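Report on the structure
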Amino acid sequence: MKILHLDNNHALLQQQLQNAGYINEEDYSSSKSDIEKQISNYDGIVIRSRFNIDAQFLDAAHNLKFIARVGAGLESIDVDYAAKKNIQLFSAPEGNRNAVAEHTLGMILSLFNKLNIASNQVKNGQWLREANRGIELDGLTVGLIGYGNMGKAFAKKLRGFNVEVICYDIKDDVDDSNAEQVDLEELFEKTDVLSLHTPWTPLTNKMIDADFIAKFKKPFWLINTARGKSVVTADLVAALKTGKIKGAGLDVLEYEKLSFEKLFTNTDQMPEAFKELLSFENVILSPHVAGWTIQSKEKLAQTIVDKILATYNEV
């Protein structure tokens with residue numbers, strides 16, 4: 001089988017596929033339209049998030065048997081149309097779930113202990129102890145929306161913190177010994193810290209808006225290591241101003257592009273809500289790297305290799 005690699009990944013991915021008898025070719029720079037002209041020559045694609053794979057692209061891929069996305073989700077692929085064409089889809093949420101879980105926990109602890117604020121102050125010659133008195137996670141309720149690979153990995157990390165962990169998911173019976181599944185009403189009533197672990201779907205698009213935020217009975221902390229478009233930034237800013245949201249840790253932002261690689265390319269067109277968000281000391285941001293560790297790069301690649309070989313058994 002002949003595979004086209006559209007993004008650079010860990011070297012083991014191509015090496016192990018080659019050892020199994022696959023032919024690997026790379027194209028990391030051609031436009032989507034140019035790729036479409038040659039895609040019929042390939043049996044498989046390996047991609048991260050370089051561009052959307054839509055119906056037009058799939059129609060050009062006459063011989064395509066599989067698409068492997070080296071990442072957690074498949075929202076950049078027309079999944080339904082691929083299924084109609086009997087194209088197998090692979091993703092690798094198992095590969096970076098631990099990295100996402102650790103990053104999520106790190107964001108919470110940093111916010112609670114004002115680590116970013118205190119670090120900047122000390123570097124500027126300020127020694128403000130009382131102003132940087134933190135709070136403890138112990139005894140609080142952490143609510144998760146989405147309890148798949150990422151949510152389960154994060155709940156497992158919380159086991160030693162003496163917290164109540166509850167989860168809401170559109171699927172039934174997903175809970176385990178690390179989290180109790182609840183309905184939205186109970187989530188709204190109990191949550192002190194809300195963490196998102198959902199893919200992008202029409203249901204999760206702009207999910208965290210003013211109406212949703214207003215339903216929480218207590219002021220809460222918001223952590224989003226999932227998808228940026230799940231949170232309406234303007235409504236988050238409004239809730240930060242009133243104190244309904246005590247602080248936020250955001251690894252993803254509403255304004256990201258598909259590739260996740262660039263954000264500040266047109267700063268003159270930066271939305272006002274985003275400019276305001278940047279001014280809050282109780283907001284910490286990272287550039288979509290929650291699942292982006294040295295270890296996860298290898299794990300993601302290995303997961304994809306294992307799934308391809310298990311399906312097609314080229315050995």
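Everything here concerns the structure above.
Residues numbered from 1 in each chain as written. Predicted model: local features only at pLDDT ≥ 70, side-chain atom pairs only at ≥ 80, totals over all residues. Heavy atoms only, no water.

1. Here we look at the overall build of the protein
From N to C terminus, the protein includes twelve helices and twelve strands. Here the C-alpha radius of gyration of the protein, 21 Å, is about what a compact globule of 315 residues would show, namely 20 Å. Its C-alpha atoms put the protein at 65 × 45 × 35 Å along the principal axes. When the 315 residues of the protein are sorted by exposure, 48% land in the buried category. Taking as baseline every contact in the protein between residues at least 6 positions apart, the subset at least 24 positions apart corresponds to 61%. Summing over all exposed atoms, the protein offers an accessible surface of approximately 15800 Å²; the carbon and sulfur share of this is 48%. (Helix = DSSP H or I, 4+ residues; strand = E, 2+ residues; numbered from the N terminus. Rg over C-alpha atoms; globule rule 2.2 N^0.38 Å. Buried < 20%, exposed > 50% of the residue type's maximum accessible area, 1.4 Å probe, protein only. Contact = heavy atoms within 4.5 Å. Areas by Shrake-Rupley, 256 points an atom, 1.4 Å probe, with all protein chains shown as cover.)

2. With respect to the packing of helix H5 (residues 93–112) against helix H12 (residues 294–312)
Packing of H5 against H12 leaves a shortest axis separation of 7 Å and a crossing angle of 160°. Looking at the two axes, H5 sits roughly antiparallel to H12. Regarding H5 and H12, the two cross each other, and that crossing is right-handed. On H12, the residues that touch Pro93, Glu94, Gly95, Asn96, Asn98 and Ala99 of H5 are Ser296, Lys299, Leu300, Thr303 and Lys307. In terms of residue class, the contact of H5 with H12 is built from three nonpolar, five polar and three charged. (Axes fitted to C-alpha atoms, helices over the stretch in contact; angles between N-to-C directions. Parallel < 35°, antiparallel > 145°, perpendicular 65-115°, else oblique. Left-handed = near helix turned anticlockwise from the far one by under 90°. Nonpolar A, V, L, I, M, F, W, Y, C, P; charged D, E, K, R; others polar.)

3. Here we look at a negative patch on the surface
The grouping of Asp172, Asp173, Asp175 and Glu180 at the surface amounts to a negative patch. Residue position: Glu180 is located in strand S8 (residues 180–181). For Glu180, a relative accessible area of 41% corresponds to the partly exposed category. (Patch = residues over 30% accessible without salt bridge, like charges linked within 9 Å, V, L, I, M, F, W, Y side chains within 5 Å. Salt bridge = Lys/Arg side-chain N within 4 Å of Asp/Glu carboxyl O. Lys, Arg positive; Asp, Glu negative; His and termini not counted. Charge placed at Lys NZ, Arg CZ, Asp CG, Glu CD.)

4. Quick notes on helix H7 (residues 149–157)
Among the residues of H7, Met150, Gly151, Ala153, Phe154 and Ala155 are the ones counted as buried. Packed against the buried residues of H7 are H5, strand S6 (141–145), strand S7 (164–168) and strand S9 (193–196).

5. Things to note about the pairing of strand S4 (residues 66–69)
Residues of S4 alternate between two faces, with Phe66 and Ala68 on one and Ile67 and Arg69 on the opposite face, all of them buried. Here strand S3 (residues 44–47) pairs with S4 via four bridges, running parallel. Bridged to Val46 within S4 is Ala68. Taken together, S3, helix H3 (residues 55–60) and S4 form a β-α-β motif whose crossover is right-handed. As for the winding sense of the linkage, the β-α-β connection from S4 through helix H4 (residues 79–84) to strand S5 (residues 88–90) is right-handed. (Pairing = 2+ DSSP bridges. Right-handed = clockwise from strand over helix to strand, strands pointing away.)

6. With respect to the nonpolar core
By size, the foremost hydrophobic cluster in this structure holds 29 residues, and its most contacted members are Leu194, Leu196, Ile208, Leu222, Leu236 and Leu277. The set of elements that each furnish at least two residues to this core consists of helix H8 (184–190), S9, helix H9 (210–214), strand S10 (220–224), helix H10 (233–242), strand S11 (245–250) and helix H11 (272–277). Setting aside its immediate chain neighbours within four residues, Leu194 contacts Gly143, Ile145, Leu187, Ile208, Phe216, Phe220, Trp221, Leu222 and Ile223. If you look at the next biggest cluster of nonpolar residues, it comprises 23 residues, including Met107, Phe112, Val165 and Val193. (Core = buried A, V, L, I, M, F, W, Y, C linked by side-chain atoms within 4.5 Å.)

7. Thoughts on the sheet that holds S4
Strand order in this open sheet of five strands is S2-S1-S3-S4-S5, and the pairing throughout is parallel. In this open sheet, the two strands that pair with only one neighbour each are strand S2 (23–26) and S5. Strand-to-strand twist of the sheet, defined as the mean angle between neighbouring strand axes without regard to direction, takes the value 20°. One ladder, built from three bridges, connects S4 with S5; its direction is parallel. Paired with Ile67 across the two strands is Leu89, which belongs to S5.

8. What about the packing of aromatic side chains?
Counted according to the given criterion, the structure contains ten aromatic pairs. Seen in terms of ring centroids, Phe90 and Tyr312 are 6.4 Å apart; in terms of plane orientation they differ by 85°. Their pairing is edge-to-face. Taken together, the residues span a long stretch of sequence, with Phe90 in strand S5 and Tyr312 in helix H12 at a distance of 222 residues. Here Phe90 falls in the buried class, since its relative accessible area comes to 5%. For Tyr312, a relative accessible area of 22% puts it in the partly exposed group. (Phe/Tyr/Trp six-rings, centres within 6.5 Å; stacked < 30°, edge-to-face > 60°.)

9. Points about the sheet that holds S6
Judged by pairing direction, the sheet is parallel, and its seven strands sit side by side in the order S8-S7-S6-S9-S10-S11-S12 without closing on themselves. Sheet topology places S8 and strand S12 (283–285) at the edges, where each strand pairs with a single neighbour. Pairing geometry for S6 and S7, over five bridges, is parallel. By the bridge assignment for S7, Leu144 is matched with Cys167. Against the sheet, H10 makes contact with S10, S11 and S12, and its axis sits at roughly 140° relative to S11, the strand it touches most.

10. Let's talk about the pattern of salt bridges
According to the stated counting rule, one finds 16 salt bridges in the structure shown. A salt bridge links Lys37 to Asp34, with the nearest nitrogen and oxygen atoms 3.7 Å apart. In this pair, Lys37 and Asp34 are both assigned in helix H2 (residues 32–38), three residues apart and thus about one turn of the helix distant. Of the charged contacts, one joins Glu186 and Lys190 as a salt bridge, the two residues approaching to 2.8 Å between their closest N and O atoms. One end of the pair, Glu186, and the other, Lys190, are both in helix H8, four residues apart, so they sit about a helical turn from each other. In this structure Lys190 comes out as partly exposed when scored by relative accessible area, which is 25%.

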